[in-house]
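Listed below, chain by chain, are the residues.
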Amino acid sequence: MTGTRIAALGHYQPAKVLTNHDLAELVDTDDAWITSRVGIRTRHIGGPDEPVDELAAHAAGKALATAGLTPDDIDLVLVATSTAIDRSPNTAARVAARLGMTSPATMDLNVVCAGFTHALATADHAVRAGGSRRALVIGADKMSAVADWSDRTTCVLVGDGAGAAIVEAVDEETPGAARGIGPVLWGSVPEMGHAVRIEGTPPRFAQEGQSVYRWATQQLPALARQACERSGIAPEDLAGVVLHQANLRIIEPLAAKIGAVNAIVARDVVDSGNTSAASIPLALAKLVERGELASGAPVLLFGFGGNLSYAGQVVRVP
């Protein structure tokens, strides 16, 4: 039987760093106000010559190099993004072109902040079904391009970046082979689509912060535990928890309510802000790069956001 695993990870952020003190020169805010409400201290901001597909390609290139693969070893490219400007060619096709790939299938997925975990599940399903041999899964967003820089309630949140994972087939019959990507738990609350929005011309990011906070802290713990159950992993046995990096005031109580008492909890939001679909692979790649998670360790990934969509699965560290 065909199983799947994450073979390698990569991440990328623009060089420009915007601090809370920098923001205080743009809007009526200060470092104490921002850190007390969302826990963010810095974020990376892409320039006008750094489109989303460039961020994505940098992260993908690092994942390929880490895995010791060439672009032609990939036959499926999935990019989770909600901030691409153009509709066609899609971001995945542009990434493939930047990397010099010859004939991969290329698709974008727009599930906003839950995009990466949806894309990871889609790649898992494609490889298991035999439709792909090796997939490149990327979460990339340039939230600075859709921010209202006069609105202090939202502009203080956003950052830009990309994270990538390579998903490949493994033989589940091999003795000792652990399932590298567990079954996904996913869904949405369509009637709450107004809670997180990127709408208009030009598009602008807006959200109902209190609605998102209440829903996330009250509803997500049980959903996250269900994702663990589907993989046969007890929350206390998790080595890591990587939630969508929306707000430190959501991440910390949510991780506690899940029951992941022994897990390292990703807090990349402090340094990177809310990077939407990039936030989970970005945070996971950094934890692995720093050696904070051992190879083979079980980690819960759980994305949530626009449309109050959510998707989570337990994965094994490459």
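Throughout what follows, the structure given in this document is the object of discussion. (Residues numbered from 1 in each chain as written. Predicted model: local features only at pLDDT ≥ 70, side-chain atom pairs only at ≥ 80, totals over all residues. Heavy atoms only, no water.)

Take the nonpolar core next. By size, the foremost hydrophobic cluster in this structure holds 50 residues, and its most contacted members are W215, L220, L238, L243, L300, F302 and F304. Counting residues per element, the ones that place at least two in this core are α2 (31–37), α7 (209–230), β11 (240–243), α8 (248–258), α9 (269–272), β13 (298–304) and β14 (310–316). The greatest single-element share of this core, amounting to 8 residues, is contributed by α7. Judged by nonpolar contacts, the second largest core, of 30 residues, contains L109, V167, A277 and A283. (Core = buried A, V, L, I, M, F, W, Y, C linked by side-chain atoms within 4.5 Å. Buried < 20%, exposed > 50% of the residue type's maximum accessible area, 1.4 Å probe, protein only. Helix = DSSP H or I, 4+ residues; strand = E, 2+ residues; numbered from the N terminus.)

The next thing to look at is the pairing of strand β6 (residues 134–142). Counting buried positions along β6 yields 9 of 9 residues, so the element is predominantly enclosed. Burial along β6 is two-sided: the residues R134, L136, I138, A140 and K142 and A135, V137, G139 and D141 are all buried. Direction of pairing for strand β4 (residues 76–80) relative to β6: parallel, over a ladder of 5 bridges. The partner of V77 across the bridge, within β6, is L136. Pairing of β6 with strand β7 (residues 160–171), which is carried by 9 bridges, proceeds in the antiparallel orientation. From the neighbouring strand, L136 faces β7, where its bridge partner is I166. (Pairing = 2+ DSSP bridges.)

The 5 strands lie next to each other as β1-β7-β6-β4-β5, forming an open sheet whose pairing is mixed. The open sheet has two edge strands with one neighbour each: β1 (2–12) and β5 (105–109). Within the sheet, the average angular offset between the axes of one strand and its neighbour, ignoring direction, is 20 degrees. Against the sheet, helix α3 (residues 52–67) makes contact with β1, β6 and β7, and its axis sits at roughly 120 degrees relative to β1, the strand it touches most. Where helix α10 (residues 279–289) meets the sheet, it contacts β1, β6 and β7, and its direction lies at approximately 90 degrees from that of β1. (Axes fitted to C-alpha atoms, helices over the stretch in contact; angles between N-to-C directions. Contact = heavy atoms within 4.5 Å.)

Opposite charge on two side chains lets them pair, provided their charged atoms get close. Across all of its chains, the model carries 11 salt bridges by this definition. Among the ionic pairs, R94 bridges to D86, the shortest N-O distance being 2.8 Å. For R94, a relative accessible area of 28% gives the class partly exposed. The shortest N-O distance in the salt bridge between E208 and R197 comes to 4.0 Å. Pair noted here: E208 is in the loop between β10 (204–207) and α7 and R197 is in strand β9 (residues 196–199), with a separation of 11 residues, a long-range link. Given the relative accessible area of 29%, E208 is considered partly exposed. (Salt bridge = Lys/Arg side-chain N within 4 Å of Asp/Glu carboxyl O.)

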